[in-house]
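# A structural walkthrough
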Amino acid sequence: MKGKKKTGIFRKYLDFPLIYKITIGFLLGVVAGLTVGPSISVVKPLGDLFLRLLRMIVMPLIFFTLVVGASTIDPKKLGRIGGKVIAWYFATSFIAAAIGISIGLLVKPGIGHPLAEVEYTVTTPPPFIETVLSWVPENPFEALTQFPEGVLPTIIFALMFGIGLTYLRNSKINRHRESGDTLFKVFDACAEIMYKIVRFVLEFAPFGVFALIAIVIGEKGISIFVSYGKIIGAAAVGTAIMILGVYSAVLFACGINPLKFLRGGKEAMLTAFVTRSSSGTLPVTMKCADENFGVNRSAYSFSLPIGATINMDGTAIYMLVVAVFAANAVGHVLTASEIATLIVVAVMSSIGVAGVPMGGLIMLTVTLGSIGLPLQVVGLIAGIDVILDMIRTMGNVTGDMTCALVVSKSENLIDFEKGVWKKGRTS
Ligand code: ASP
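In what follows, the accompanying structure is described. What you see is a predicted model; the values in this text were computed from it and never measured. (Residues numbered from 1 in each chain as written. Predicted model: local features only at pLDDT ≥ 70, side-chain atom pairs only at ≥ 80, totals over all residues. Heavy atoms only, no water.)

### Examining the pattern of salt bridges
In plain terms, the rule: Throughout this description, the term salt bridge denotes a Lys or Arg side-chain nitrogen within 4 Å of a carboxyl oxygen of Asp or Glu. Secondary structure elements are taken from DSSP: a helix is a run of H or I of four residues or more, a strand is a run of E of two residues or more, and numbering for both begins at the N terminus. Relative accessibility decides the category of a residue: with a 1.4 Å probe and only protein chains considered, values under 20% of the type maximum give buried, values over 50% give exposed, and everything between is partly exposed.
Counted by the stated rule, this structure contains 16 salt bridges. Asp48 is paired through a salt bridge with Lys44; the nearest N and O atoms lie 3.0 Å apart. A residue pair is termed a helical-turn pair when its members lie 3 or 4 positions apart in one helix, as Asp48 and Lys44 do in helix H4 (residues 44–71) at 4 residues. The shortest N-O distance in the salt bridge between Lys84 and Glu411 comes to 2.8 Å. Taken together, the residues Lys84 in helix H5 (residues 75–107) and Glu411 in the segment after helix H19 (385–410) connect sequence positions 327 residues apart. Judged by its relative accessible area of 30%, Lys84 falls in the partly exposed class. The exposure class assigned to Glu411 is buried, which follows from its relative accessible area of 6%.

Structure (structure tokens):
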């Protein structure tokens, strides 16, 4: 019986390390896209299925893990972690924006670019204050059904619910304590079930990744990298500096091995790259935090969903690089005060960017408009935004994971006996 089970092809597939399967799917996708061209789009249903599966699990996963997380932690500690997370998100977004502008000024994309009139309908994003107000749900049950707009409202409600549950579990009244404990067990079981589903969905990831990357390469070809090489290169170098320089240095300073961080986070990074959605990648990011990094659920269950919604370091880099591109394309030399305005506006507007494909492209109008740069650039960039979106989403998700690790380390909420930290582990 034992032998039969082990030799099945399905069993072999399951036993093969996930990250290798995803990487193989990715590489095969690139090859298929290059050789088949646009007609590779026949594999689109595979990619769509993967995206649907991810979206299917996001909201229940956030809700159950957050209620469990919030009810296992002292509310005072929760407040302190929350403060650190928000401070981290702001600080790194400013650093990202500064890197974006520096790389842009150095690489000088857009010089000599004939700024063509490109048809593009500019969508006006809602005012900042409205965005912030919309985080408080009028109807939490409705918020649960709305992805991704419902993510932050659900976080707010789940946090309150979880804190309420803590009080119930610590009540002096027996009946309340017992029902609180029972409810906690139910939520804990639901969170575990969601993780089981995440693992199942990830087994399908190699096929989804194959299809998603094949379609992009098949449609855009390699030539796109050449014609917009400078802007793509600047965004890629900026994001690489953020990941390999800034995050790695901070992790190292906190006593966390950056190489192990990259090893443990690569599934989420690759998923972010191909799905181009921080919110869609959340199940994978949370799984990495839990299984690969041993981060306590009480810490990552709210820092990661908040990060996927408001922390966009990759997007901040991108916005500044595109702003320099726009200025160069019309032959305008940016002044110091314009640069300062661009940095502040990019950071603030990146908070309002939805963690979905092309979310940043819409918000780009705010950054460019803040100093009167030509909005037609949004139309120009739209053609290559798929590539830029892959790069920035990977940066965004890596930033969220770094925050979860740094903050959890400072609160002693990492189990260093787990995942990539385990001694003797090689993959
Ligand atoms: N696609 C990005 C993300 O989900 C957002 C953006 O377009 O900048 O993180």
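Once you've had a look at it, read on.
### Describing the nonpolar core
The test is simple: The term nonpolar core refers to a set of buried residues drawn from Ala, Val, Leu, Ile, Met, Phe, Trp, Tyr and Cys, joined through side-chain atoms within 4.5 Å. We call two residues in contact whenever any of their non-hydrogen atoms come within 4.5 Å of each other.
By size, the foremost hydrophobic cluster in this structure holds 130 residues, and its most contacted members are Ile231, Phe293, Ile381 and Leu405. Excluding its chain neighbours within four sequence positions, the residues that come into contact with Phe293 are Lys260, Phe261, Gly264, Gly265, Cys288, Met401, Leu405, Ile414, Asp415, Val420 and Trp421. One finds Ala32, Ile40, Ala214 and Ile215 within the second-largest nonpolar core, a separate group that totals 6 residues.

### As for the site of the ligand
To be explicit about the condition: In this text, near means that some heavy atom of the residue lies within 4 Å of the molecule or strand in question. The term polar contact refers here to a pair of N or O atoms within 3.5 Å; inside protein, the definition further demands a hydrogen-donor-capable atom paired with an acceptor-capable atom, and it admits residues adjacent in sequence only when both atoms are side-chain atoms. Note on residue categories: nonpolar means Ala, Val, Leu, Ile, Met, Phe, Trp, Tyr, Cys or Pro, charged means Asp, Glu, Lys or Arg, and polar means any other residue, Gly included.
For the ligand, the set of nearby residues contains 17 residues, the closest of which are Ser278, Thr315, Gly360, Asp389 and Arg392. The separation between an oxygen atom of the ligand and a polar main-chain atom of Gly355 is 3.2 Å. Between a nitrogen atom of the ligand and a side-chain N or O atom of Thr393, the distance comes to 3.1 Å. Sorting the residues of the shell around the ligand by element identifies helix H17 (359–370) and H19 as the ones contributing at least two each. Among the elements that line the shell around the ligand, the one with the most residues is H19, at 4 residues. Among the residues forming the shell around the ligand, the class breakdown is 6 nonpolar, 8 polar and 3 charged.

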